[in-house]
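What the coordinates show
This is what each chain is made of:
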Amino acid sequence: MIVTIDMTGQEALLRSINPNTAKKAIKRTLKEVMSSAMTAGQKEVTKKYNLKTSQLKRYIGSRVVSKQGLEVSVSIRSQGYVSMFNFINKASTQSSLTRKNKNNKSKVKVKIIKGGGVHTFRHAFVMIGKSGNIGIFERVRGVKSSTGNNKITRLNTVGPIGMFEKVGLPIIQDHVTSRAADVLKRNLAFYMGKDA
């Protein structure tokens, strides 16, 4: 998604000052506005999903596309899914990890949507995978692996793109649109004062 920062009415001011001053003010404005916009977008996602902002930071990033055109690209870094482990009741994690008998009687409870109910996976367990990551795994009844045991699969949920698309990205765009002009004015005044 390309976020365009609307600077209607600021063109004359930008042309009237030292180009280096304008460049520094624009650079600082892009960094400041996008940082706060990304945080606002992540907070909006956490209002719906049972996640912390720190868990979302690795999925979203931004880069400047054009300083002259004041355009920033916002990208979701992962095409995959978020591990179900992120939504587990953390109090039960340790007991799940130390449970010796990981059989079909084990169960794991997760809460994905805030305000929604708790979902129980009755044939699931928490385990450290081969990659070293902790995840929730489930035995697939009736599907055998090469060893003859029931196949084990990792449980995932909605992907980062799905999370941000409906609630996060519109907030980022609105945040940039409403704040950018004021932030640029403040930064221009700051750098013009330093150059005076």
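Worth saying up front: this structure is predicted, and the values here are computed from it rather than measured.

This part takes up the overall build of the protein. Regarding its fold elements, the protein presents 5 helices and 8 strands. Across the 196 residues in the protein, those meeting the buried criterion constitute 36%. For the protein, restricting intrachain contacts to residue pairs at least 6 apart in sequence, the fraction spanning at least 24 positions comes to 59%. For the protein, the accessible area works out to roughly 11,500 Å², and carbon and sulfur atoms hold 51% of it.

Across the sheet, 3 strands lie side by side as S6-S7-S8; this open sheet has antiparallel pairing. Strands with a single pairing partner mark the edges of an open sheet, and in this sheet they are strand S6 (124–128) and strand S8 (150–154). Between one strand axis and the next, the sheet turns by 45° as a mean value, whatever way the strands run. Pairing of strand S7 (residues 134–144) with S8, which is carried by 5 bridges, proceeds in the antiparallel orientation.

Take the side chain of Asn86 next. Note on placement: Asn86 falls in the loop between strand S3 (71–76) and helix H4 (93–98). In this structure the side chain of Asn86 is engaged in a polar contact, spanning 3.3 Å, whose partner is the side chain of Gln55. Residues within four places of Asn86 in sequence aside, it is in contact with Asn50, Leu51 and Gln55.

A separate point is the nonpolar core. If you look at the biggest cluster of nonpolar residues, it comprises 41 residues, and the most contacted ones within it are Val110, Ile136, Met163 and Ile172. Ranked by residues supplied to this core, first place goes to helix H5 (residues 160–195) with 10 residues. Once you skip the residues sitting within four places of it in the chain, Val110 turns out to touch Met84, Phe87, Ile88, Gly117, Val118, His119, Phe121 and Ile136.

All right, on to the layout of surface pockets then. The volume enclosed by the second largest pocket comes to roughly 160 Å³. Along the walls of the second largest pocket sit Arg58, Tyr59, Tyr81, Val82, Ser83, Phe85, Asn86, Ser131, Asn133, Ile134 and Arg154, which together make up its complete lining.

For the structure on display, the rule yields 2 aromatic pairs. Aromatic pair Phe125 and Phe137: ring centres 6.5 Å apart, planes at 25°, arrangement stacked. Here Phe125 is found in strand S6, whereas its partner Phe137 is found in strand S7, with 12 residues between them in sequence. As far as burial versus exposure is concerned, Phe125 and Phe137 are alike and both buried. Summarising the aromatic geometry, the rings of Phe190 and Tyr191 are spaced 5.1 Å apart at their centres and angled 80° between planes, so their arrangement reads as edge-to-face. Owing to a relative accessible area of 13%, Tyr191 belongs among the buried residues under this scheme. The side chain of Arg28 reaches across the aromatic face of Phe190, ending 4.5 Å from its centre.

On inspection of all chains with the given rule, the structure shows 2 salt bridges. The partner of Arg186 in a salt bridge is Glu32, and the shortest N-O contact between them spans 2.8 Å. A residue pair is termed long-range when its members are at least 10 positions apart, and Arg186 in helix H5 and Glu32 in helix H2 (residues 19–48) qualify at 154 residues.

This brings us to the pairing of S7. With 5 bridges joining them, S6 and S7 adopt antiparallel strand pairing. Residue Phe125 lies in a different strand from S7, and its bridge partner there is Phe137. Where S7 hands over to S8, the hairpin turn is made up of 5 residues, of which Gly148 adopts a positive phi near 95°.

For the protein, the mean per-residue pLDDT works out to 78, and 79% of the residues sit at or above 70. Here H4 is the element of the protein with the lowest mean pLDDT, 54, and H2 is the one with the highest, 88. Low pLDDT (under 50) marks residues 100–104, which in the prediction has 11 contacts with non-local residues, meaning those over four places away or in another chain.

Analysis parameters
Residues numbered from 1 in each chain as written. Predicted model: local features only at pLDDT ≥ 70, side-chain atom pairs only at ≥ 80, totals over all residues. Heavy atoms only, no water. Helix = DSSP H or I, 4+ residues; strand = E, 2+ residues; numbered from the N terminus. Buried < 20%, exposed > 50% of the residue type's maximum accessible area, 1.4 Å probe, protein only. Contact = heavy atoms within 4.5 Å. Areas by Shrake-Rupley, 256 points an atom, 1.4 Å probe, with all protein chains shown as cover. Pairing = 2+ DSSP bridges. Axes fitted to C-alpha atoms, helices over the stretch in contact; angles between N-to-C directions. Polar contact = N/O pair within 3.5 Å; in protein donor to acceptor, adjacent residues only side chain to side chain. Core = buried A, V, L, I, M, F, W, Y, C linked by side-chain atoms within 4.5 Å. 1 Å grid on protein atoms, 1.4 Å probe; cavity = no way out; pocket = protein on both sides within 12 Å on 5 of 7 lines; lining within 4 Å. Points joined across faces, edges and corners; volume = space filled by probe spheres on them. Phe/Tyr/Trp six-rings, centres within 6.5 Å; stacked < 30°, edge-to-face > 60°. Lys NZ or Arg CZ within 6 Å of the ring centre and 35° of its normal. Salt bridge = Lys/Arg side-chain N within 4 Å of Asp/Glu carboxyl O. pLDDT = per-residue confidence, 0-100.

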